[in-house]
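One letter stands for each residue in the lines below.
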Amino acid sequence: MIPAMFGQPFYVGHLGRTPVYVGGDILIMVALVWFWTQGGGILTFLTSLSMLLVAVVAHEGGHAAVARALGKQGVTIVIGAFGGVCIYAPERRRLSDMCIQFAGVTTNFVIAAIAWVLLGAGGRVELLIRDETFLGFIVFLFWWNLVLGIFNSLPIYPLDGGQAVLTGSSTLMGDGPRAKRLTLSVSVATAIAGVALAHHFGMLSAFTLVMVLFLLYQAFNDLR
Ligand SMILES: [Zn+2]
């Protein structure tokens, strides 16, 4: 996902054998969820926020688990404003990088699928899902994992999809500026198409625009 923007991250515990840190900019995430769930009450806010954190940690945990399985050193998770980032010592092994890059969104899609089955099977597992509060958790678990999975799959650097484009094009074209230029072009084109689509469907918000500009700023910074 996206690296923390500011603040020295503080240690909160281990996920398996991977240390997890939280940046002070996580307060932006909390504020955004508060803004999005306005009118829904405190319970909706807490349900949404907790399930977003579960989806973010699961996403980074997916990256971390595959990175560890592939023998990467220094695997660390940092959670921040717009999600998190899984750090590991870089190596020049493209296939393993690709596997790690896809592990985050794969984890999100698997969890979303399980939540969807649980919701669809509500009639059959009535005892499990009868509770309204519990049902709310499963609904947010489904949506946040679906949203994070789709969003991070977008081929916009530095999202996972964009990182995969860079890894793939570097494999084909070598590490030179051509692969970076191609990744930057794909990122800009996808961002423009995304904004145009959102506008077309009347779903373009200030948040979307800020997010897109923030991503493109990082893309230009890293790839030019
Ligand atoms: Zn990711």
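Please read these numbers as outputs of a predicted model, since none were measured by experiment.

Any chance you could explain the domain arrangement of the protein chain here in plain terms?
Interfaces are often sized by the amount of accessible area the parts lose when they come together. Splitting the protein chain by domain gives domain 1 (1-153) and domain 2 (155-224). Taking only C-alpha atoms into account, the centre of domain 1 sits 21 Å from that of domain 2. Each partner contributes to the interface: domain 1 provides 10 residues, whereas domain 2 provides 9 residues. It is helix 3 (residues 94-120) that contributes the most residues to the side of domain 1 that touches domain 2, 7 residues altogether.

What is the right way to read the environment of leucine 70 from this model?
Its location among the elements puts leucine 70 in the loop between helix 2 (41-69) and strand 3 (76-80). Taking the C-alpha atoms as reference points, leucine 70 and leucine 15, 55 residues apart in sequence, are found 17 Å from one another.

Explanation requested: the nonpolar core in the structure shown.
Generally speaking, a soluble globular protein has its nonpolar side chains buried in company with each other. Leu141 and Trp144 are the most contacted members of the largest nonpolar core, which totals 29 residues. A per-element tally of this core places helix 2 first, with 7 residues. With residues near it in sequence (within four places) discarded, tryptophan 144 still touches Met51, Leu52 and Ala55.

I'm lost on the packing of helix 2 against helix 5 (residues 132-153) in this one. Help?
Helix packing geometry: the angle between the two helix axes and the distance between the axes. Here helix 2 crosses helix 5 at 45°, and the two axes come no closer than 8 Å. Considering their axes alone, helix 2 and helix 5 lie oblique with respect to each other. Helix 2 and helix 5 meet at a crossing whose hand is right-handed. Where helix 2 approaches helix 5, its residues Thr47, Ser48, Met51, Leu52, Val54, Ala55, Val56 and His59 are matched on the opposing element by Gly136, Phe137, Phe140, Leu141, Trp144, Asn145 and Leu148. Split into classes, the residues belonging to the contact of helix 2 with helix 5 amount to 10 nonpolar, 5 polar and no charged.

Criteria and thresholds
Throughout, a residue's number is its position along its own chain's written sequence, starting from 1. Side-chain atom pairs in this predicted model are given and counted only at pLDDT of 80 or more, local residue features only at pLDDT of at least 70, and totals for whole chains, interfaces and linings cover all residues. For every domain, the bounds stem from an assignment made automatically or drawn from a database. Two residues qualify as being in contact provided that their C-beta atoms, derived from the backbone, are within 7 Å of each other. Only DSSP runs of H or I covering at least 4 residues are called helices, and only runs of E covering at least 2 are called strands; the numbering of each starts at the N terminus. Only buried Ala, Val, Leu, Ile, Met, Phe, Trp, Tyr and Cys residues enter a nonpolar core, and they are joined through C-beta atoms within 7 Å. Put plainly, a residue is buried at 20 or more neighbouring C-beta atoms within 10 Å of its own, exposed at 12 or fewer, and partly exposed in between, counting only other residues' C-beta atoms, which are placed from the backbone. A fitted line through C-alpha atoms represents every axis, and for helices the fit uses only the stretch in contact; the resulting angles, taken between N-to-C directions, go from 0 to 180 degrees. In what follows, roughly perpendicular refers to angles from 65 to 115 degrees, roughly parallel to angles under 35, roughly antiparallel to angles over 145, and oblique to any angle outside these ranges. For any helix crossing, the convention is left-handed if the near helix is rotated counterclockwise from the far helix by under a right angle, and right-handed if that rotation is clockwise. Gly is placed with the polar residues, together with every amino acid not listed as nonpolar (Ala, Val, Leu, Ile, Met, Phe, Trp, Tyr, Cys and Pro) or charged (Asp, Glu, Lys and Arg).

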